[in-house]
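Report on the structure
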Amino acid sequence: MALRVPAITIISLIALVGPATPAPSGDRAAPMDMSGAWSRLTFGFEPPARGPGPIGRYSNQPNAGGNFNNPNLKPDAAAIVKARSEMLRRGEDYPNPSLNCYPMASPYIFRVQEMAVIQKKDEVIFLFMQDHQVRRVKLNAQHPAKVTPSWNGDSIGHYEGDTLVVDTVGYKLGPFPLADQFGSPFSDALHVVERYRMVDYEVAKALQERNVRNQGAVATEQAAFVDENYKGKGLQIEFTVEDPNVFNTPWSASVTWRRAGGWVENVCAENTNEYYNNGSTKVPQADKPDF
Amino acid sequence: MRVGPRTFILGAAVGFVSTAALIWRGPGAEAAAPIPDLSGHWARPYIGFEPPLSGPGPIVNRSRVQGQSNINQFVGDYSSPILRPQAAEIVKKHGELELKGLVAPNPSNQCLPMSPPYILQRQEIQLLQQKNQITILYAEDQQVRRVRLNAKHPARVIPSWYGDSVGRFEGDTLVIDTIGIKVGPYSMVDSYGTPHSEALHLVERYRLIDYFDAEAAAKMSERENRRLLADNSLGNGVAIDADYRGKALQVRFTVEDENVFTVPWSATSTYWHASGDWVERVCAENTVEYYAGLSSAVPRAEKPDF
C-alpha cells in the first residue's frame, strides 16, 4: 500500500531534516561552468581566424626556431629571436622557464598539456600540470594602481555572457622572459587578454586533430591524457598579446582543450624524462635553508 | 497536566512527523549533517609540528635556542624510541651534517615537492572545497595537493610525491587518508631527515576551531616552536590577520610507517586566518637570497622536457 503523506507534512519533514547540504564555497555558480581538468595534445598555438598571429617558425625544419623575420617583431626583439633560433639550429637550447624550472607567464604557459580550472565566486584558479603552477584571477576587480610585478602577473576577470574574460598586466621579467614557444621575449609592458568559452565537442576534436597533424603530438608519457570517451564540450581560450616594446601590433591566437582523462605530477626539478644525454640533473642547492 | 484534544492532535502530529523524519533520514542521517566550509587562505607562524596532546609525537630538535627548536639547525633526536635503528641512523647523520655547519639536503632546499606530512610544517595554505574534491594549495613553490572526496584508493596505487589522497567528512571534520607517497631522493617526513618508506600512511583530520582554542594551540606549539614574524630576518612572507577573531583551521594527523617507526605518532598544525594577497614564492628564484652573495643554482636541462 502506498503511504499518502499530506504536502504540509512533507514540508515539515524537510524542515526537520534540515536544508540540503550547503554547497561549499568552491562550487558557487558561475555563468558558465568550465571547471575540471582539461588536456591538449600539442604545444603550439592555433592561428587566429584573422589578423596578426604569433610569429611562427623560421622554417619547417626540426628545431628551426622562431621566425625572426616576422614583420611584427621590433628590431631588438627580432635580434633576440634570431639569437635563440641560431642556438636551436646549432643543437643547443636557449634558457627558458621550462628548462630552468621558472614559472611560465601566459600565454607561454598554454604550452602545458593539462590545466585544471576551479571556479569560485570571487576568483578563478588555474592549475597547470607542469611543475604544479597556479594562476589566480580575481573576478570583478580592478588592477591595483601600482602593480607589483609577479611571475603570473596581476589577473582580473569578468564574465561576458558565456565568456570569461581575463586581463593580465604586471608580469615580472625574470632572467628569461618568453611570450611563446618561438622565442619571442616580452617586456614589462606585456598585456594579455584571454577569452575563455566552451565550444562544441566536434569543434574541439577537429581542432585538436588539426593541431596534431600540423604540429605533431606530444608523447603520452608527458601526460597529455584526453578522455576520448567524453563527448561533452571543449574549452577554448582566444587570447591577444600586446607589448609595444616587442611587437609592432597586437597579435592573437587560441588554444583548445578537451576533457582530461587523468592528471599526473610533473616536477621540473625531478626531471623524470631525462633527456639530458646521461647528464645528471642539476637541482637547486642552497647553502642554508630558506626557512 | 491535562491534555486537551487540540494539544493531543498537535503532539501526535509532531510525533508522527518526528518519527517519520527519523525513518526518512534512515541510517545515513549522520551523513546529512552540514558540511563545514574549510575553504580560505590560512597561515601559521611556525616551522615544525605542534606536539600532540597525548601519545607518541614527532621527532624533536636537539638544537635549541632559548628552549625552542633552532630553525637554523635541524638536529633530530635520533634516540627517540619511535625510530627503528636504520631510521635513527639516518636522522643522526642528518643532524651531524647540520652540526658541522652544513645544510643537509631536504625538499625545501632542493626544490623538490614536499610530500605530506613534511608539507604540513609549512606556513601558508589555501583550501579549495568542491563537492567531490578538496584542493590544497601551498604558497611555497606553488605546490598542490588533491583529495578525492568519498572515493577509494585504487587497488594499485602509482606512487607520487603527494600520494593518493581520499577524503570524507565525519561531522565537522574532514578526514584525509593518504598512501602511495613516492620515495624520492630526499624523502623525509620532517626537517630532521626522518625518512619514510613506501608503507607511509597518513591520516589527517581537519576541522575549524574557536579562536581561543587556537590560541591555546599556539601556546602548546611554542613549547617547541619559535614564532616567526612577518618582518623578522626570515622574511618568509607569512601574514596572519591579527585582528581576526573567527575560527582557525587545525589539522591533527597520524603518521604510520612500520619500516621507519616502531609506533604510529601524531602531531598537529594549526592555521590562522591569513591576511594580504597570496605571495608567489618560487624555489628556483630563491627570492630570499640567503646565499651570501652566491647565485642560486637553478635546475638546468640541456634539452627541453617537451
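Residues numbered from 1 in each chain as written. Chains lettered and ligands numbered in written order. Predicted model: local features only at pLDDT ≥ 70, side-chain atom pairs only at ≥ 80, totals over all residues. Heavy atoms only, no water.

1. What to know about the overall build of chain A
- Counting its secondary structure elements, chain A contains four helices and nine strands.
- Tracing chain A from N to C terminus, the helices and strands come up as α-β-α-α-β-β-β-β-β-β-α-β-β.
- Considering only intrachain contacts with a sequence separation of at least 6, the fraction spanning at least 24 residues in chain A is 65%.
- Of the roughly 13,400 Å² of accessible surface on chain A, a fraction of 52% belongs to carbon and sulfur atoms. (Helix = DSSP H or I, 4+ residues; strand = E, 2+ residues; numbered from the N terminus. Contact = heavy atoms within 4.5 Å. Areas by Shrake-Rupley, 256 points an atom, 1.4 Å probe, with all protein chains shown as cover.)

2. Some details on the sheet that holds strand β6 (residues 143-149) of chain B
Residues and elements named next belong to chain B.
- Here we have nine strands rolled up into a closed barrel, ordered β1-β4-β5-β6-β7-β8-β9-β10-β11, and mixed in their pairing. The average undirected angle you get between the axes of adjacent strands in this sheet is 30°.
- With two bridges connecting them, β6 and strand β7 (residues 164-170) associate as parallel partners. In the strand pairing of β7, L149 is matched with G167.
- Of the strands in this sheet, β9 (201-209), β10 (248-256) and β11 (265-273) are in contact with helix α3 (residues 211-221), which crosses β11 at around 125°. (Pairing = 2+ DSSP bridges. Axes fitted to C-alpha atoms, helices over the stretch in contact; angles between N-to-C directions.)

3. Details of the pattern of salt bridges
- In total, this model carries 18 salt bridges over all chains according to the counting rule given.
- A salt bridge links R145(B) to E204(B), with the nearest nitrogen and oxygen atoms 2.7 Å apart. Of this pair, R145(B) sits in strand β6 while E204(B) is found in strand β9, placing the two residues 59 residues apart along the sequence. The pair R145(B) / E204(B) is uniform in exposure class, with both members buried.
- The partner of E170(B) in a salt bridge is R205(B), and the shortest N-O contact between them spans 3.2 Å. Of the two residues, E170(B) is situated in strand β7 and R205(B) in strand β9; the sequence distance between them amounts to 35 residues.
- Relative accessible area serves as the criterion here: at 35%, R205(B) is assigned to the partly exposed category.
- Connected through shared salt-bridge partners, K120(A), E123(A) and R136(A) make up one network. (Salt bridge = Lys/Arg side-chain N within 4 Å of Asp/Glu carboxyl O. Buried < 20%, exposed > 50% of the residue type's maximum accessible area, 1.4 Å probe, protein only.)

4. Some thoughts on the nonpolar core
- Counting 49 residues, the largest nonpolar core has Y206(B), F253(B) and W265(B) as the members making the most contacts within it.
- With sequence-adjacent residues up to four places away left out, Y206(B) is seen in contact with L38(B), L120(B), I136(B), R145(B), D172(B), T173(B), L174(B), I176(B), L249(B), Q250(B) and V251(B). (Core = buried A, V, L, I, M, F, W, Y, C linked by side-chain atoms within 4.5 Å.)

5. Some thoughts on the environment of N259(B)
Residues and elements named next belong to chain B.
- Mapped onto the elements, N259 comes out in the loop between β10 and β11.
- Residue class for N259 comes out partly exposed when judged on its relative accessible area of 41%.
- Look past the residues within four positions of N259 in its chain and what remains in contact with it is R84, S197, E198 and A199.
- Separated by 2.8 Å, the side chains of N259 and S197 make a polar contact. (Polar contact = N/O pair within 3.5 Å; in protein donor to acceptor, adjacent residues only side chain to side chain.)

6. Brief notes about the confidence of the model for chain A
Residues and elements named next belong to chain A.
- This prediction gives chain A a mean pLDDT of 82; 80% of its residues lie at or above 70.
- Confidence drops under pLDDT 50 across residues 1-28; counting only partners more than four residues distant or on other chains, this segment forms 36 contacts.
- Note on residues 272-284: pLDDT under 50 across the span, and 31 contacts to partners over four residues away in sequence or across chains. (pLDDT = per-residue confidence, 0-100.)

7. Thoughts on the side chain of T163(A)
Residues and elements named next belong to chain A.
- Looking at where T163 falls in the secondary structure, it is placed in strand β6 (residues 163-169).
- For T163, a relative accessible area of 8% gives the class buried.
- Those residues in contact with T163 that lie beyond four places of it in its chain are M32, H158, R195, Y196 and R197.

8. Topic: the packing of aromatic side chains
- One pass over the full model with this rule turns up 16 aromatic pairs over all chains.
- When the ring of F247(A) is compared with that of W251(A), the centres are 5.7 Å apart and the planes differ by 80°; the resulting orientation is edge-to-face. One exposure class covers both F247(A) and W251(A), and it is buried.
- Here the guanidinium or amino end of R259(A) rests over the ring plane of W38(A), the centre of that ring lying 4.1 Å away.
- The residue whose ring lies beneath R44(B) is Y271(B), and the NZ or CZ to ring-centre distance is 6.0 Å. (Phe/Tyr/Trp six-rings, centres within 6.5 Å; stacked < 30°, edge-to-face > 60°. Lys NZ or Arg CZ within 6 Å of the ring centre and 35° of its normal.)

9. Focus: helix α2 (residues 85-99) of chain B
Residues and elements named next belong to chain B.
- For α2, built from 15 residues, the straight-helix expectation of 21 Å at 1.5 Å per residue is met to within 8% by its first-to-last C-alpha distance of 21 Å.
- Listed as buried for α2 are A87, A88, V91, H94, G95 and E98. Within α2, the buried residues cover an arc of 125° as seen down the axis, which keeps them to one side. In this structure, α2 carries P85, Q86 and K93 as exposed residues pointing more than 90 degrees from its buried face.
- Looking at the residues trailing α2, positive phi occurs at G101, about 90°. (Expected span 1.5 Å × (residues − 1). Arc of directions from axis to C-beta.)

10. A closer look at the sheet that holds strand β3 (residues 123-128) of chain A
All names here are of chain A.
- The strand order around the closed barrel built from nine strands is β1-β2-β3-β4-β5-β6-β7-β8-β9, with neighbouring strands paired in mixed fashion. The sheet shows a mean angle of 30° between the axes of neighbouring strands, direction not considered.
- Relative to the sheet, helix α4 (residues 201-215) contacts β1 (36-39), β7 (191-199), β8 (234-242) and β9 (251-259), its axis offset from that of β9 by approximately 110°.

11. What to know about unusual backbone geometry
- In this structure, the amide linkage connecting S106(A) to the following residue, P107(A), adopts the cis form with an omega of 5°.
- By the element assignment, P107(A) lies in the loop between α3 (97-100) and β2 (114-119).
- Residues P116(B) and P117(B) are joined by a peptide bond in cis, for which omega reads 10°.
- Tracing the backbone shows P117(B) in the loop between α2 and β4 (124-129).
- Its identity is not glycine, yet N140(A) carries a phi of approximately 50°, on the positive side.

12. As for the pairing of strand β5 (residues 133-138) of chain B
Residue and element names in this part refer to chain B.
- Of all six residues that make up β5, five are buried, and the element is covered over most of its length.
- Alignment of β4 against β5, held across five bridges, turns out to be antiparallel. From the neighbouring strand, I125 faces β5, where its bridge partner is Y138.
- Here β4 hands over to β5 after three residues, the two strands then running antiparallel side by side.
- Where β5 hands over to β6, the hairpin turn is made up of four residues, of which D141 adopts a positive phi near 60°.

13. Focus on the environment of A87(B)
Residue and element names in this part refer to chain B.
- Along the chain, the position of A87 falls in helix α2.
- By relative accessible area, A87 is classed as buried at 2%.
- Residues A87 and K182, spaced 95 residues apart in sequence, show a C-alpha to C-alpha distance of 17 Å.
- Dropping the residues within four chain positions of it, A87 is found in contact with P195 and V260.

14. Considerations on the side chain of N72(A)
Residues and elements named next belong to chain A.
- Tracing the backbone through its elements, the reader meets N72 in the loop between β1 and α2 (75-89).
- At a separation of 2.8 Å, a polar atom in the side chain of N72 contacts the main-chain amide nitrogen of T249.
- Excluding residues within four positions of it along the chain, N72 makes contact with V246, F247, N248, T249 and W251.

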